[in-house]
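An overview of the molecular structure
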Amino acid sequence: MGTTLTFYDGVDTIGGTKIHLESRGRGILLDFGQNFKNESNFYEEYLKPRSTRGIYDYFTLGLLPPLDIYREDLIPADLARKELKAVDLDGVLVTHAHMDHVGYIGLLKREIPIFSSPMSAAILKSIQDTGVGGVPREIAYMKERERTEDEDRVLKSKSYRKTPSSGRDFYLTSRPSEELLDFWSDTPSRRGHEAGKLSEVNENDKPLPFQWFEVSHSIYGATAYCVKTEDGWIVYTGDLRFHGKKGDKTKKFVKEASKLNAKVLITEGTRTGREETENETEEDVYQNCLTATESEDNLVIGDFSPRNLERLETFLKIAEKTGRKLVATTKDGYALDSLRCVDGVDRASRVRVYKDLTVWKRRRKWEKQVLEKFEEQTIDPQEISKNPGQYILCFSFWDIKNLLDIMPEGGSYIYSTSEAYTEEQELDVERLWEWLQFFNLKAVGFELRKENGETKLDFKKGYHCSGHAAPDELLRMIEEIDPEIVVPVHTEDPEFFSENLEGRGVEILQDGDRIELG
Ligand SMILES: [Zn+2]
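Residues numbered from 1 in each chain as written. Predicted model: local features only at pLDDT ≥ 70, side-chain atom pairs only at ≥ 80, totals over all residues. Heavy atoms only, no water.

**Looking at the coordination of the zinc ion**
Ideal coordination angles are 109.5 degrees for a metal with four donors arranged tetrahedrally and 90 or 180 degrees for a metal with six donors arranged octahedrally. The protein atoms donating to the zinc ion are H96 (NE2), H98 (ND1), H217 (NE2) and D239 (OD), with metal-donor distances spanning 2.2 to 2.4 Å. Viewed at the metal, the four donor atoms of the zinc ion are separated by angles of 89 to 177°, and the geometry they form is irregular. When the donors of the zinc ion are listed by position in the chain, the intervening gaps give H-x1-H-x118-H-x21-D. As far as burial versus exposure is concerned, H96 and H98 are alike and both buried. (Donors = N, O, S within 2.8 Å, 3.2 Å for Na, K, Ca; no water. Tetrahedral: all angles 85-135°; square planar, octahedral: opposite > 155°, others 65-115°. Buried < 20%, exposed > 50% of the residue type's maximum accessible area, 1.4 Å probe, protein only.)

Set out below in structure tokens:
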């Protein structure tokens, strides 16, 4: 058999990408993400898959491909291994650390190594160290489970006293620094830790030969891959954009990929189904948020996605320009410190770290570490209430309850994150609006109006920029790479590609579809 590409998930949704590439006895996954849309068909915040049942719930609901690639310790007695089809799998090529691309990797056998940029590895570990857990998120290291003595359909974690967490091997696109190796070797947990290998990838480590390219996206460390098979090159964009600080890197990727005579191009198409076509850049965001901050004497709050560290840097720049101090959450502090392990830039020492009201005993170990390490820089809510005009507070909707300890009276809340696309997200923004009314905070970046009893949300341009290329940029990219076959993924409107690229071999697929080459 020649080369096959199986698209298990994520061809007509934004995210959840799970693509299996098999070629002459070698196999790789191109991302293995969480499909938030499919998961939300069954689950919500307080209704989750049961961790005591391992992969059973995910598997039974069809959220996982029926392949024999999952951790043995997550298979309860009533899930027959024979239902899982054997495939070749020698590694996962991770494009970036967003959960819709990596969120299910924790379920994969520990022996399956990850290939990623050092930045993605650091971000993934930092998310895991500070997260609330969950088996699918055990990406960098895992807590082994075992069947319970009296009920073998139920799984429990092995004792933390006897069983250290065991790490997964990561092969990196460049050499890890000493600091990163150090960060990798330990976890903030009472459980012991046997770290996985962390080393620069060499040709022998690769299941199939591949090239990698850094690209621009709304998270650091994003990578596109070109995999060489005997039946031609397979190019996978991951998520990318041409604007932003690293837009030139994306252009370079396209240029290099165009030299390969690619057989297949798997391209993201996030924005094809959306109305907005303009590209705001991070520089526009900086200018607009700066203007909003300059015209405010009172407290400024910046709301952006916790993993968007580029945005955090933008706000850091604004704070320094306007003579304010940036106040970050402990989680941001931890993330900034792990970022330093990769690029050597010390950002954490330039921020104050918000110390929320909790007793010390109840804090988690990573949080204690951050508060101890940055003890001089911690800030109490009361200190902010005294001089609110001296700070920019990095809070998202989920942190907003802490404002009750600051009790701001006026100020600006800059909504610098993606607009609400789903009903649930809209409900959150409506709640956010109530909080802002309560504290008399001015909303910047969005507006809520009531019209004939109906709620209308307007999101203003320029306070956030997309992590994704505009539709016409994608078309130009495809023309330039000029592949034989184009497969759109990560989109709700795959037809956009067939409509705009007639005669270019666009394949509109369904989840589970397979392409055979050679
Ligand atoms: Zn992404």
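**What to know about a nonpolar patch on the surface**
Taken together, the side chains of L404, M407 and F438 make up a nonpolar region of the molecular surface, amounting to roughly 310 Å² of accessible area. Locating F438 in the fold gives a position in helix α13 (residues 423–438). The exposed category is assigned to F438, whose relative accessible area is 55%. (Patch = residues over 30% accessible without salt bridge, like charges linked within 9 Å, V, L, I, M, F, W, Y side chains within 5 Å. Areas by Shrake-Rupley, 256 points an atom, 1.4 Å probe, with all protein chains shown as cover. Salt bridge = Lys/Arg side-chain N within 4 Å of Asp/Glu carboxyl O. Helix = DSSP H or I, 4+ residues; strand = E, 2+ residues; numbered from the N terminus.)

**A short note on the pairing of strand β21 (residues 391–394)**
Because side chains alternate across β21, one face comprises the buried residues Y391 and L393, and the other comprises I392 and C394, equally buried. Pairing of strand β17 (residues 300–303) with β21, which is carried by three bridges, proceeds in the parallel orientation. The residue bridging V300 from the neighbouring strand is I392, located in β21. Bridge count for strand β18 (residues 325–328) against β21 is three bridges, and the pairing is parallel. Note on β21: the bridge partner recorded for V327 is L393. (Pairing = 2+ DSSP bridges.)

**Concerning the nonpolar core**
If you look at the biggest cluster of nonpolar residues, it comprises 80 residues, and the most contacted ones within it are F32, I105, L108, F170 and L326. Mapped onto the domain boundaries, this core takes at least three residues apiece from domain 1 (3–274 + 466–517) and domain 2 (282–459). If we ignore the near neighbours within four places in the chain, the residues touching F32 are T17, K18, L64, P65, I69, Y70, H101, V102, G103, Y104, I105 and L108. (Core = buried A, V, L, I, M, F, W, Y, C linked by side-chain atoms within 4.5 Å. Domains from an automatic or database assignment. Contact = heavy atoms within 4.5 Å.)

**A short note on the sheet that holds strand β27 (residues 513–517)**
Pairing in this open sheet of eight strands is mixed, and the strands run β12-β10-β5-β4-β3-β2-β1-β27 from one edge to the other. This sheet does not close on itself; its edge strands, each paired only once, are β12 (198–200) and β27. Strand direction decides the pairing type here: strand β4 (residues 92–93) and strand β5 (residues 114–116), joined by two bridges, are parallel. Counterpart to V92 in the pairing with β5 is I114.

**Things to note about the environment of Y236**
Position of Y236 relative to the elements: it lies in strand β15 (residues 232–236). With a relative accessible area of 2%, Y236 lands in the buried category. Note: C-alpha distance between Y236 and L265 (29 residues apart in sequence) is 6.0 Å. Engagement of the side chain of Y236 in a polar contact is seen with the side chain of D31, the distance being 2.7 Å. (Polar contact = N/O pair within 3.5 Å; in protein donor to acceptor, adjacent residues only side chain to side chain.)

**Structural notes on the UniProt feature "domain: Metallo-beta-lactamase" (unreviewed entry) in the protein**
Here, the residues flagged by UniProt with the feature "domain: Metallo-beta-lactamase" (unreviewed entry) are residues 76–113. The span residues 76–113 is 11% helix and 5% strand, and its two end C-alpha atoms sit 24 Å from each other. (UniProt positions renumbered as here; feature names shortened; annotations may be inferred.)

**Focus on empty space enclosed by the protein**
Tallied over the entire structure, the rule returns one cavity of 30 Å³ or more. There is about 30 Å³ of room inside the largest cavity. M99, L124, I127, Q128, R137 and I139 are the residues that line the largest cavity. Here the lining of the largest cavity gets three residues from one element, more than from any other, and that element is helix α4 (residues 118–130). (1 Å grid on protein atoms, 1.4 Å probe; cavity = no way out; pocket = protein on both sides within 12 Å on 5 of 7 lines; lining within 4 Å. Points joined across faces, edges and corners; volume = space filled by probe spheres on them.)

**Re the packing of α4 against helix α9 (residues 330–343)**
Relative orientation of the contacting elements α4 and α9 amounts to 155°, with a least axis distance of 9 Å. Put simply, α4 runs roughly antiparallel to α9. Crossing hand, α4 versus α9: right-handed. Contacts between α4 and α9 involve P118, M119, A122, S126, D129 and T130 from the former and K331, Y334, A335, S338, L339, V342 and D343 from the latter. (Axes fitted to C-alpha atoms, helices over the stretch in contact; angles between N-to-C directions. Parallel < 35°, antiparallel > 145°, perpendicular 65-115°, else oblique. Left-handed = near helix turned anticlockwise from the far one by under 90°.)

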